[in-house]
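Residue-level listing of the chains:
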Amino acid sequence: MNADISVTRLCKYYRVHHKEPGFAGSLRSFFARRYETVRAVDDISFEIRSGEIVGFLGPNGAGKTTTLKVLSGLLYPTTGDISVGGHRSYDRKDQFLRGITLVMGQKNQLIWDLPALESFEINRAIFDISRSDYLAVLKELTDLLDLDPVLKKQVRKLSLGERMKCELAAALLHRPKVLFLDEPTIGLDVTMQGRMREFLAEYNKRHGATILLTSHYMADVTALCRRILVIDHGHLIYDGAIDALVERVAPYKHVRIVTRRPIIAGELERFGEVLSMDTLEATLVVPRDHTSGVAAELLKALPIEDVTIEDPAVEEIISRIFTEKILT
Amino acid sequence: MNALRKFAAEYKAAWHLAIEYRLAVLIWMVSMVLPLVMLAGWLSIAEGGPVGRFGRTDFIAYYVAAILVRNLTGVWIIWDLDAAIRHGDMSFMLLKPYNPIIHYVAQSLSAKPLRFIVLLPLIAGVAYFVPGVNFALSPSMLALFFLAIAGSWAMLFLIQYTNGLLSFWISQTIGIADMWFGIFALFSGYLIPLDLFPPALRNALFAMPFRYMASFPIEIFTSHLAVTEILRGLLIQWAWVLVFFVVYRLVWTRGVKQYSAVGA
């Protein structure tokens, strides 16, 4: 199987009704509802190969979750074709459901007042997992996610991080080949986010799973995905490597210098745009092609202690894409 | 077979939850005092002589049976179902290769054994100590009684489940359920024996599904029906179950389509 996920001209429109606040508004909307069509996803196409990890980026309300829900079969597309592992998601065939999972960081599927193991047992029966497979998967997940101390505690008594690990385990018991992850690390502390990332990378490597993931934490995406999809207002505005996006949106680099004596802005302006400066430190914005030349000139002209050349932070680039509408 | 195994797993978890919430179950049971209130009223009326075919002993037997039947057939899943649909947790169930009704059936049946065990002393006490009470306790009658209990539960379950599925479209399903409970309590024989209604109304209620939701098993348990009447009643009752099942299927398939169209 070459393309594991294939989306062609997918559109998903909602009709939502508007209600003014207050009693008068309620009354008015009772008699004459005003409807509006929201184009949550508007004509997007992409393919994802088997075993790929792809980051799905976009501001709140861009259409990420809607796309994931369509792909996992929860939503019916308004128009367009989708195929996931050879199935049309929205038919929700058992065979399809056994091959995928959807994790929503903001929601929980575990039974609140029972230990996570009880929810696992239910999933085992529902997904028809044999006892021996179940034990093997459970052992693997327990080792990778360090679940041992938490499996027998009531879910409501777990910390957010512990609960999220259990949620992830519950979602992976049937060893799905395609993972849709919607903000899987939301609310977790930095260490736990790191653990989650390592786990997903390992899962991908071991089982060749295809992963499509959304996150507001850029570190998740840069650590896991070489390729990203960027969506805004329902439109796919970028599909490609993170590196290429950086080059395209930010055709410049940051040259950071540390000097031995205090310097003033006037001394630096001829080398490039001054992004920030302090008495002994400054950062310049320099076109990509000129960075080495500029660095050499700087070394000649000023008492330089240290020079570093780096790409602008991906966060900064992404936020520029959305605020300055660079790609649209 | 497959669905049965899935049900068994769901039931096990639901049973553990019922044990976890055992105190709440007991409080719920104690709070079901409506039949007792009715009983107190009828007892004082019956002091002046029997009402229809009901003397004081008949009323006691009837309402004790009503408490038993209500505990074994009552369905209280609509709050969970409504919340699951409107808050989007139904999504998790739809992502699994099974029909979510299995989950709710398990949930609805989970506390039944607990309720039954708690009520046993009451039944035994009344059967033993109240002279003239004649519960149908022979094994064959009990078997028929439990078939009727299963039928009543199935009707009430399908009605409430289908009612809850309306949450796919509207946000007032629980209001409908409250209204429905009033109608049910009045016309099913739960609060007023149907034999005490004016004959025309009684016959109308017998022709409608209401009798089979509570009165029918109560009539069996209080030894009011002959075996042939019971068998005939079971046939009619399970025909109603089938009708409500068909309605549920229609609403379910349309509801899921609606859910997939607009999301949670």
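Residues numbered from 1 in each chain as written. Chains lettered and ligands numbered in written order. Predicted model: local features only at pLDDT ≥ 70, side-chain atom pairs only at ≥ 80, totals over all residues. Heavy atoms only, no water.

### Thoughts on the overall build of chain B
Within chain B, the regular secondary structure consists of 13 helices and zero strands. The secondary structure elements of chain B, listed N-terminal to C-terminal, are α-α-α-α-α-α-α-α-α-α-α-α-α. For chain B, the C-alpha radius of gyration of 19 Å lies close to 18 Å, the compact-globule estimate for 264 residues. Along the longest, intermediate and shortest principal axes, the C-alpha atoms of chain B span 60 × 40 × 35 Å. (Helix = DSSP H or I, 4+ residues; strand = E, 2+ residues; numbered from the N terminus. Rg over C-alpha atoms; globule rule 2.2 N^0.38 Å.)

### Looking at the layout of surface pockets
Residue and element names in this part refer to chain B. Its volume calculated, the largest pocket comes out at about 1300 Å³. Forming the walls of the largest pocket are 41 residues, and the residues nearest its centre are Leu17, Tyr21, Asp80, His103 and Gln107. Among the elements that make up the lining of the largest pocket, the one with the highest residue count is helix α7 (residues 101-110) (six residues). (1 Å grid on protein atoms, 1.4 Å probe; cavity = no way out; pocket = protein on both sides within 12 Å on 5 of 7 lines; lining within 4 Å. Points joined across faces, edges and corners; volume = space filled by probe spheres on them.)

### Considering the side chain of Asp42(A)
Residues and elements named next belong to chain A. Within the element layout of this structure, aspartate 42 appears in strand β2 (residues 34-49). At 2.9 Å, the side chain of aspartate 42 and the side chain of tyrosine 13 are in polar contact. Engagement of the side chain of aspartate 42 in a polar contact is seen with the side chain of arginine 39, the distance being 3.5 Å. Apart from residues lying up to four places away in sequence, aspartate 42 is in contact with Leu10, Cys11, Tyr13, Gly234 and His235. (Polar contact = N/O pair within 3.5 Å; in protein donor to acceptor, adjacent residues only side chain to side chain. Contact = heavy atoms within 4.5 Å.)

### Thoughts on the domain arrangement of chain A
Per the domain assignment, the segments of chain A are domain 1 (3-9 + 48-246) and domain 2 (251-310). Taking only C-alpha atoms, the centre of domain 1 of chain A and the centre of domain 2 of chain A are 43 Å apart. (Domains from an automatic or database assignment.)

### Examining a nonpolar patch on the surface
Residues and elements named next belong to chain A. There is a patch of nonpolar side chains on the surface, built from Phe23, Leu27, Phe30 and Phe31 and spanning about 550 Å² of accessible area. Position of phenylalanine 31 among the secondary structure elements: in helix α1 (residues 22-31). For phenylalanine 31, a relative accessible area of 66% puts it in the exposed group. (Patch = residues over 30% accessible without salt bridge, like charges linked within 9 Å, V, L, I, M, F, W, Y side chains within 5 Å. Areas by Shrake-Rupley, 256 points an atom, 1.4 Å probe, with all protein chains shown as cover. Salt bridge = Lys/Arg side-chain N within 4 Å of Asp/Glu carboxyl O. Buried < 20%, exposed > 50% of the residue type's maximum accessible area, 1.4 Å probe, protein only.)

### A few points about the interface of chain A and chain B
Across the contact, 29 residues belong to chain A and 26 residues belong to chain B. Roughly 2500 Å² of surface becomes buried between chain A and chain B when both sides are summed, with 62% attributable to carbon and sulfur atoms. Area buried by chain A at its contact with chain B is led by Leu74(A), Arg92(A) and Ile126(A), which between them contribute 22% of it. At the junction of chain A with chain B, the criterion picks out two salt bridges. The tally of links from chain A across to chain B stands at 10 residue pairs in polar contact (both at pLDDT 80 or more). (Buried area = accessible area lost by both parts, 1.4 Å probe.)

### Re unusual backbone geometry
The bulk of non-glycine residues show a negative phi, and the bulk of peptide bonds are trans. All names here are of chain A. The phi torsion at arginine 175 lies on the positive side, around 45 degrees, for a residue other than glycine. Counting through the fold element by element, arginine 175 comes out in the loop between α6 (160-172) and β6 (178-182). Positive phi, close to 50 degrees, is recorded for histidine 233, a residue that is not glycine. By secondary structure assignment, the location of histidine 233 is in the loop between β8 (227-232) and β9 (235-241).

### Topic: the sheet that holds strand β11 (residues 273-277) of chain A
Residues and elements named next belong to chain A. Across the sheet, four strands lie side by side as β11-β12-β10-β13; this open sheet has antiparallel pairing. The outermost strands of the open sheet, each flanked by one partner alone, are β11 and β13 (304-310). For this sheet, the mean inter-axis angle between neighbouring strands, taken without regard to orientation, is 25 degrees. Bridging between strand β10 (residues 252-259) and β13 involves six bridges; their strand directions are antiparallel. If you follow histidine 254 over to β13, its bridge partner there is glutamate 310. Running over the sheet, helix α11 (residues 291-301) touches β10, β12 (281-287) and β13 and is turned about 170 degrees from β13. (Pairing = 2+ DSSP bridges. Axes fitted to C-alpha atoms, helices over the stretch in contact; angles between N-to-C directions.)

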